[in-house]
Amino acid sequence: MRIIDENGNTLTHYDLTTGYLLPATAIREDALLIDNQTRWAWSEEDYEPVQMYLPRRETPVLPGQEARIAALEEQLAAAKILLGVTE
């Protein structure tokens, strides 16, 4: 299955540790324009299922969330110790 970026470009390299894949539909790479010049329209056969790679984006911390984030980070650290997880 073809993997594309947000602009529809085919990707050959992507990193699932820094992003994720979502099912999508795209126009096949070998699809031709109806009149082969000016009309940007395709037939049903020109579409294919693909996976779209989306990089993870940093979520900004909103005012007042710092204490909640710190508490969650402490809980995560404690859980890692209990489970014996080392990074």
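Note that the structure is predicted; figures quoted are calculated from it, not measured. Here the residue numbering is sequential within each chain, running from 1 through the sequence in written order. Local features in this predicted model are restricted to residues of pLDDT 70 or higher, and side-chain atom pairs are both shown and tallied only at a pLDDT of 80 or more, whereas totals for entire chains, interfaces and linings draw on every residue. Excluding hydrogens and water, the side-chain figures rest on all heavy atoms present in the structure.

Participant: What is the right way to read the side chain of Arg-2 from this model?
Facilitator: In this structure, Arg-2 sits in the segment before strand S1 (3-4). Residues adjacent in sequence count toward polar contacts only when both atoms are side-chain atoms; beyond that, a polar contact is any pair of N or O atoms within 3.5 Å, and within protein one must be able to donate a hydrogen and the other to accept it. One polar contact links the side chain of Arg-2 to the main-chain carbonyl oxygen of Ile-27, over a distance of 2.9 Å. With residues up to four places along the chain from it excluded, the contact list for Arg-2 reads Gly-8, Thr-10, Ala-26, Ile-27, Arg-28, Glu-29, Glu-48, Val-50 and Gln-51. Secondary structure elements follow DSSP: runs of H or I of four or more residues count as helices, runs of E of two or more count as strands, with numbering from the N terminus. Contacts were defined at the residue level, with two residues in contact if any of their heavy atoms lie within 4.5 Å.

Participant: Got a minute to help me understand the environment of Glu-6 in this structure?
Facilitator: Among the structural elements, Glu-6 can be located in the loop between S1 and strand S2 (19-27). For Glu-6, a relative accessible area of 45% gives the class partly exposed. In this structure, the C-alpha to C-alpha distance between Glu-6 and Tyr-53, residues 47 residues apart in sequence, is 7.1 Å. Beyond its immediate stretch of four places on either side in the chain, Glu-6 contacts Met-52, Tyr-53, Leu-54, Pro-55 and Arg-57. Type-normalised accessible area, obtained with a 1.4 Å probe on protein chains alone, sets the label of each residue: buried when under 20%, exposed when over 50%, and partly exposed for intermediate values.

Participant: Could you clarify how one ought to interpret a nonpolar patch on the surface in this entry?
Facilitator: Think of a patch as exposed residues, more than 30% relative accessible area, with no salt bridge, where like charges cluster within 9 Å and nonpolar side chains (Val, Leu, Ile, Met, Phe, Trp, Tyr) cluster within 5 Å. Using a 1.4 Å probe, the Shrake-Rupley method yields the accessible areas, and only the shown protein chains count as cover for residues. By convention in these notes, a salt bridge is any Lys or Arg side-chain nitrogen within 4 Å of a carboxyl oxygen on Asp or Glu. Residues Leu-82, Leu-83 and Val-85 make up a contiguous nonpolar surface patch of roughly 370 Å² in combined accessible area. Overall, the relative accessible area of 78% leaves Leu-82 in the exposed class.

Participant: I keep staring at the pattern of salt bridges and nothing clicks. Help me out?
Facilitator: A pair can form between side chains of opposite charge whenever their charged atoms are brought close. This structure, assessed with the given rule, holds 4 salt bridges. Here Glu-29 ties to Arg-2 by a salt bridge, and the two come within 3.8 Å at their closest N and O atoms. With Glu-29 in the loop between S2 and strand S3 (47-55) and Arg-2 in the segment before S1, this pair connects stretches of sequence that are 27 residues apart. By relative accessible area, which is 58% here, Glu-29 ends up exposed. Each of Arg-2, Glu-29 and Glu-48 takes part in a single network of salt bridges with overlapping partners.

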